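Structural overview
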Amino acid sequence: MRSRSGGSTEPQGRRPRRITAGRIGLYAFLLTAALFFLLPLWIMLVTSLKPMEEIRLGNIVALPAALTFEAWGKAWSSACTGLACDGISVGFWNSVRILVPSVILSIALGAVNGYALSLWRIRGANLLFGILLMGAFIPYQVFLYPLVRIFSAVGVYNSLSCIVIVHAIFGLPTMTLLFRNYYAGIPADLFKAARVDGGGFWTIFLRVILPMSTPMLVVATILQVTGIWNDFILGLTFAGRENLPMTVQLNNIVHSTQGERAYNVDMAATMLAALVPLAVYFVSGRWFVRGIAAGAVKG
Amino acid sequence: MTAVSVRDVSIAFGMLRVFDGLSLDIEEGEFVVLLGPSGCGKSTLLNAIAGLLDVSAGQIWIDGRNVTWDEPKDRGIAMVFQSYALYPRMSVRENMSFGLRMARTPKAEIDRRVTQAADLLQITHLLDRRPDQLSGGQRQRVAIGRALVRDAGVFLFDEPLSNLDAKLRNELRVEIKRLHARLGKATMIYVTHDQVEAMTLADRIVVMKEQKVQQIGSPAEIYGRPSNLFVAGFIGSPQMNFVRGRLEAEGNRLAFAAGRHRLPLDAYAFSDRPEPGREVVLGVRPEHVEPGASGVWPGFTIDIVEPMGADTVVWCSDGTETIQVRTSGTRRVAPGEGLSLGLDAAQVSLFAADTGERL
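Described in the following lines is the structure provided in the data block.

About the criteria used
- Residues numbered from 1 in each chain as written.
- Chains lettered and ligands numbered in written order.
- Predicted model: local features only at pLDDT ≥ 70, side-chain atom pairs only at ≥ 80, totals over all residues.
- Helix = DSSP H or I, 4+ residues; strand = E, 2+ residues; numbered from the N terminus.
- Buried ≥ 20, exposed ≤ 12 C-beta atoms within 10 Å, placed from the backbone.
- Contact = placed C-beta atoms within 7 Å.
- Axes fitted to C-alpha atoms, helices over the stretch in contact; angles between N-to-C directions.
- Parallel < 35°, antiparallel > 145°, perpendicular 65-115°, else oblique.
- Left-handed = near helix turned anticlockwise from the far one by under 90°.
- Nonpolar A, V, L, I, M, F, W, Y, C, P; charged D, E, K, R; others polar.
- Core = buried A, V, L, I, M, F, W, Y, C linked by C-beta atoms within 7 Å.
- Pairing = 2+ DSSP bridges.

This paragraph deals with the overall build of chain B. Looking only at helices and strands, one finds eight helices and 20 strands in chain B. The dimensions of chain B, computed from C-alpha atoms along their principal axes, are 75 × 45 × 35 Å. The 359 residues of chain B split such that 40% are buried. Long-range contacts, defined as pairs at least 24 residues apart, comprise 65% of the intrachain contacts of chain B with a sequence gap of at least 6.

Encoded structure:
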């Protein structure tokens, strides 16, 4: 054997072709699929930017000839939801007020729960976790009536705290599962070292474990923000008339019409309601996929 | 004075009993190595001493106190782990001072101890780095530093060098030994499956297998007078040679016989003189076999030669027995050569074939 220095050695034969029939087919399929899923969004967007005269012509895919943002303004501040005509803005702020405490509370509970179940190995941890997981598989509808009775007995029914508690409860199984699996991947030695160093339950959690949890915190936030923002049935049932979330208000706008149906306003209102989850998807693409994978594969 | 005393300890995981009444006394300032293959329970024992694992029966005493139910932090111990276990979101300085901060030590005292430990381990220039900016060897230095800072009387090491490459392992091994000498009165309990670490570091080695202590003794005792076949085979590289045979009487003298090979046992120190006719296994270390022309066991041929630099391991065989011989690295030997083997009865070990115990 001798070693070469200088000169170059070419691989033999022709380089394999990059573009094959299979590749072209693959791209054609991907493109069609993307168009198929983008089409509704496109129709919503262009319709919301057209005046009603243009919509009546029926070219739903066409670009607006006379671009107008009137429908968006109307949807935000003056569209009628039932008797009140304040637009969807009321619902937007209601949703924000529900969202922020619900997300924080459910993630905090899930993280502590997952930490206790995976690292402290308390007696019966697996049984507790099993019961909690079962909760994730029971349909919401089963809980609605009992919960309504419990909350009205306690006297918090139809209030902001009521809907926040409900979101925290329903988020608990998923959040616990997510954090428990993440913490199960942390080397046990790290936890032992912290115990030898004198950390207690809360010090180890706050000073060692939580600073390591950033990826899971991001994923959990994404899941909870989109989930809670898109919720309809829980908000309708538990929030009370004063705190109805945006999704419920949107439904009221679309269904309370006098005379001609204002498609452009409906579409604009829908777009407004979808803005928060859309923004979350766009900003956090990589993390979002990771979150779905974490929820789906582990368990 | 006894620094650590394990008294009649039993440990059970659910229905599975791992230890049943195990006892061990460790003197102050002693370096004790728990040695055994994986799954022998050595780490379990260490975790029980640290208080990271509850015992189901028995007591653990550290420094004259019964600490059986004390939290790890109250036992006066420090621990170093195989995976380093550095807190990833803290700087080296914060890692080292975490325990002291938990104990609300005054800031000046923390600084003094961290500086001192960092000096001792030559990691002063790393103090402001994060663990992920360090190499494996540096990480383990920091982990040792974190243990030093605690000012504990007893240091527990759980396979601290197993994740490092061979060169670093040798360096840090020497450093740990130097550290033990410098700290003077510090007791160290060190778990490993590496016999070289055990032999080089230990004042006493505890050889374990399947949750049972096989032998406790100085490295020289363990190596020279292994108490059973397992210890004999586990310690030493290349491995001890084993030859099956029987004891035969020659008048009132005993001799070992295997096929046509014989070895008079006048010089062998029996712990309890056995009766002739007993089935035995003769164990002899490769360096205690003298290859030559006039040995007591003739008729061997060299099969394979393994040069290792300083010395050469020669595998030779007579058709039924294969014997490894360690000889000087400068000696010229070639496969196919015939030779006879010289053995000294004072240097061999004899084990009962049925129980495996030393005779």
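A separate point is the packing of helix H2 (residues 92-102) of chain B against helix H3 (residues 107-121) of chain B. Residues and elements named next belong to chain B. Two elements in contact, H2 and H3, have axes whose closest approach is 10 Å; the angle formed by their N-to-C orientations is 135°. Viewed along their axes, H2 and H3 adopt a mutual orientation that is oblique. Between H2 and H3 lies a crossing whose hand is right-handed. Along its contact with H2, which presents Arg93, Met96, Ser97, Leu100 and Arg101, the element H3 presents Ile110, Arg113, Val114 and Ala117. Considered class by class, the residues forming the contact of H2 with H3 number five nonpolar, one polar and three charged.

In this section: the nonpolar core. The biggest cluster of nonpolar side chains holds 144 residues, and the ones touching the most others in it are Val33, Ile49, Met79, Leu156 and Ile189 of chain B. Take this core: its biggest share by element is twelve residues, from helix H7 (residues 160-184) of chain A. By size, the runner-up hydrophobic cluster in this structure holds 14 residues, among which are Met246, Val265, Met267 and Ala273 of chain A.

Further remarks concern the interface of chain B and chain A. Taken together, the contacts link 18 residues of chain B with 14 residues of chain A. At the level of secondary structure, the elements contributing two or more residues to the side of chain B that touches chain A comprise strand E6 (77-80) and H2 of chain B. Of the residues in the side of chain B that touches chain A, the class split is 13 nonpolar, three polar and two charged.

Attention shifts here to the sheet that holds strand E17 (residues 311-317) of chain B. Residue and element names in this part refer to chain B. Spatial ordering of the open sheet is given by E15-E19-E16-E17-E18, a layout of five strands whose pairing is antiparallel. Edge positions in the open sheet fall to strand E15 (290-292) and strand E18 (322-328), since each of these has one partner strand only. Adjacent strand axes in the sheet meet at a mean angle of 45°, parallel and antiparallel pairs treated alike. Both E15 and strand E19 (residues 338-342) contribute to a ladder of three bridges, which runs antiparallel. The partner of Glu290 across the bridge, within E19, is Gly342.

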